[in-house]
Amino acid sequence: MKKLLAAAGLAATLIATPVLAQAPAMPGAPDVSRISAATYKVDPHHTQVVWSVDHMGFSILYGMFGEMSGNLTLDPANPSAAKVAIDIPISGMTNPSPAFTKHLQSKDFFDIATHPTAKFVSTAVVVNGQNAKITGDLTLHGVTKPVTLDAKLTGAGANPMSKVETVGFSATTTLKRSDFGLGYAAPVVGDEVKVKITAAFEK
């Protein structure tokens, strides 16, 4: 029986090997040489901002912003001259709990009736290979503060479906919500907010 199983395993491996060898390479790869100098627009369907905050020490709550707009000007020959500006529709935040989302949209927190959009505009970029520190001004809830993003190139190349030249990045940062006038219930609900960003830009 063991010999039969071993033979079957070997046969499966021999059959699969040519198939795997013929599998196409990932269309996007973290390769700077795939990037051409241009101004790219945010792909609103594949760009997300995810935040998390400690809720009274009992749980970590998450939320997401999407449908962003903006642009990235990038030249791989002069990466430190890159510029990015993104508008984030706070009114379009998503969360599994409609009641919690409604509270976040109220005057206790984001007050989307008055401040429906946040904006990030870069002021400096320091590049180290495929990583970068992007410093910029974040305007949120009517308050503008400097923020630094730890960014990393995740992929570049032609989108195999749309054929559009695309670059993608991930980034993280940590904010104090009280810095932006969003300190409701702090410190019972954590003041520190962790932010993860995944962004795609199309030429």
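For the structure itself, look to the data block above.
Here the structure is a predicted model, which is why all the values come from computation and not from measurement.

Asker: Please provide a residue-by-residue account of the overall build of the protein, values included.
Answerer: Looking only at helices and strands, the protein features two helices and 10 strands. Along the chain direction, N to C, the helices and strands of the protein fall in the order α-β-β-β-β-β-α-β-β-β-β-β. Here the protein, with 203 residues, has 32% of them falling under the buried criterion. The contacts of the protein with a sequence gap of at least 6 include a subset with a gap of at least 24, amounting to 55%.

Asker: Summarise the nonpolar core; cite the residues concerned and give the values.
Answerer: Counting 43 residues, the largest nonpolar core has Tyr40, Phe65, Ile90, Phe110, Ile134, Leu140 and Phe201 as its most contacted members. Excluding its chain neighbours within four sequence positions, the residues that come into contact with Ile134 are Val84, Phe120, Ser122, Ala124, Val125, Val147, Thr148, Leu149 and Ala151.

Asker: Describe in detail the side chain of Asp191, supporting the description with residues and values.
Answerer: By secondary structure assignment, the location of Asp191 is in strand S10 (residues 189-202). Classification of Asp191 as buried rests on a relative accessible area of 18%. Side chain to side chain, Asp191 and Ser178 meet in a polar contact 2.7 Å long. Each residue touching Asp191, except ones within four places of it in the same chain, is listed here: Leu175, Lys176, Arg177, Ser178 and Ala186.

Asker: Summarise a nonpolar patch on the surface; cite the residues concerned and give the values.
Answerer: Among the surface-exposed residues, Met56, Phe58 and Val188 lie close enough to one another that they form a single nonpolar patch of about 350 Å² accessible area. Residue position: Phe58 is located in the loop between strand S2 (48-55) and strand S3 (59-65). Its relative accessible area of 71% is what places Phe58 among the exposed residues.

Asker: So, the layout of surface pockets: which residues are in play, and what are the values?
Answerer: Of the voids in this model, the second largest pocket is the one considered here, and its volume is about 300 Å³. Lining of the second largest pocket is provided by 17 residues; of these, Gly28, Asn159, Thr166, Gly168 and Ala200 occupy positions nearest its centre. By residue class, the composition of the lining of the second largest pocket is seven nonpolar, nine polar and one charged.

Procedures and definitions
Residues numbered from 1 in each chain as written. Predicted model: local features only at pLDDT ≥ 70, side-chain atom pairs only at ≥ 80, totals over all residues. Heavy atoms only, no water. Helix = DSSP H or I, 4+ residues; strand = E, 2+ residues; numbered from the N terminus. Buried < 20%, exposed > 50% of the residue type's maximum accessible area, 1.4 Å probe, protein only. Contact = heavy atoms within 4.5 Å. Core = buried A, V, L, I, M, F, W, Y, C linked by side-chain atoms within 4.5 Å. Polar contact = N/O pair within 3.5 Å; in protein donor to acceptor, adjacent residues only side chain to side chain. Patch = residues over 30% accessible without salt bridge, like charges linked within 9 Å, V, L, I, M, F, W, Y side chains within 5 Å. Areas by Shrake-Rupley, 256 points an atom, 1.4 Å probe, with all protein chains shown as cover. Salt bridge = Lys/Arg side-chain N within 4 Å of Asp/Glu carboxyl O. 1 Å grid on protein atoms, 1.4 Å probe; cavity = no way out; pocket = protein on both sides within 12 Å on 5 of 7 lines; lining within 4 Å. Points joined across faces, edges and corners; volume = space filled by probe spheres on them. Nonpolar A, V, L, I, M, F, W, Y, C, P; charged D, E, K, R; others polar.

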